[in-house]
Amino acid sequence: MYTQQDVDRFSSKVQMSGNQNDCWTWTGAKHSRTRGYGKFRLGGRVMNAHKAAYLLFVGEVEAGMVLGHQCNNEHCVNPSHLKMESQSENIKYCVHCGRHNSQRS
């Protein structure tokens, strides 16, 4: 479904260290209203960059599920740091880690 050109275009907007287990930092465009999550056009639509990474390198996201950042770095697009989970699981994890919107000043 996605092409090598899509992968190359995405990868050109990512800063990776030498270790594949580290965070991959998104350097491309960012949403202004979603706490600075990266954005990327894939398949004719703009989406969160971390979702695009998952689609390109892992596969589809199940209906009704979201991708949570297990590294607690909202600028990370390393697919191995993303966990498919329900929205309520994601919110519970964010609250537990102190990253939920209600906990920001």
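From a predicted model like this one, the values you see are computed outputs, not experimental measurements.

*Asks:* Sorry if this is basic, but what is going on with the overall build of the protein here?
*Replies:* Helix and strand counts for the protein come out as 3 helices and 6 strands. Reading the secondary structure of the protein in the N-to-C direction produces α-β-β-β-β-α-β-β-α. The principal-axis extent of the C-alpha atoms belonging to the protein is close to 40 × 30 × 25 Å. The buried share of the protein, taken over its 105 residues, is 35%. Of the contacts made within the protein by residues no fewer than 6 positions apart, 42% connect residues no fewer than 24 positions apart. The centroid of the 13 positive side-chain charges in the protein is displaced by 10 Å from the centroid of its 8 negative side-chain charges.

*Asks:* Honestly, the environment of F10 in this entry has me stumped. Any pointers?
*Replies:* Mapped onto the elements, F10 comes out in helix α1 (residues 4–11). Note on F10: relative accessible area 0%, which makes it buried. Distance from F10 to G28, taken between C-alpha atoms, is 8.7 Å for residues 18 residues apart in sequence. Beyond its immediate sequence surroundings of up to four residues, F10 is in contact with W26, F40, A49, A52, A53, L56, F57 and V77.

*Asks:* Help me understand the nonpolar core, please; the structure alone is not making it clear to me.
*Replies:* A general feature of soluble globular proteins is that nonpolar side chains tend to end up buried together. With 14 residues, the main nonpolar core has F10, V14, W26, F40, L42, A52 and V77 as its most contacted residues. Elements represented by at least two residues in this core include exactly α1, β3 (39–42) and α2 (49–57). Counting residues per element, this core draws most heavily on α2, which supplies 5 residues. In this structure, W26 is in contact with F10, K13, V14, G38, K39, F40, A49, H75 and V77, ignoring residues within four places of it in sequence.

*Asks:* Any chance you could explain the packing of α1 against α2 here in plain terms?
*Replies:* How two helices sit against one another is set out by the angle between their axes and by the gap between those axes. Between α1 and α2, whose axes approach to 11 Å, the crossing angle comes to 140°. With respect to each other, α1 and α2 are oriented oblique. Crossing angle aside, the handedness with which α1 passes α2 is left-handed. For the pair α1 and α2, the contacting residues are D6, V7, F10 and S11 in the first and A49, A52, A53, L56 and F57 in the second. Residues that form the contact of α1 with α2 fall into these classes: 7 nonpolar, 1 polar and 1 charged.

*Asks:* Before we go on, may I ask you to explain the packing of aromatic side chains in this structure?
*Replies:* Within the structure shown, the criterion is met by 5 aromatic pairs. Between F10 and W26, the ring centres sit 5.1 Å apart and the planes meet at 40°, which makes this aromatic pair tilted. Taken together, the residues F10 in helix α1 and W26 in strand β2 (residues 25–26) connect sequence positions 16 residues apart. Residue W26 is classed as buried on the basis of its relative accessible area, which comes to 2%. With centroids separated by 5.2 Å and ring planes inclined at 85°, the aromatic side chains of F10 and F40 adopt a geometry described as edge-to-face. Placement of F10 in helix α1 and of F40 in strand β3 is noted, with a sequence separation of 30 residues between them. For the residue pair F10 and F40, the accessibility class agrees, reading buried in each case.

Each value, and the rule that gives it
- Residues numbered from 1 in each chain as written.
- Predicted model: local features only at pLDDT ≥ 70, side-chain atom pairs only at ≥ 80, totals over all residues.
- Heavy atoms only, no water.
- Helix = DSSP H or I, 4+ residues; strand = E, 2+ residues; numbered from the N terminus.
- Buried < 20%, exposed > 50% of the residue type's maximum accessible area, 1.4 Å probe, protein only.
- Contact = heavy atoms within 4.5 Å.
- Lys, Arg positive; Asp, Glu negative; His and termini not counted.
- Charge placed at Lys NZ, Arg CZ, Asp CG, Glu CD.
- Core = buried A, V, L, I, M, F, W, Y, C linked by side-chain atoms within 4.5 Å.
- Axes fitted to C-alpha atoms, helices over the stretch in contact; angles between N-to-C directions.
- Parallel < 35°, antiparallel > 145°, perpendicular 65-115°, else oblique.
- Left-handed = near helix turned anticlockwise from the far one by under 90°.
- Nonpolar A, V, L, I, M, F, W, Y, C, P; charged D, E, K, R; others polar.
- Phe/Tyr/Trp six-rings, centres within 6.5 Å; stacked < 30°, edge-to-face > 60°.

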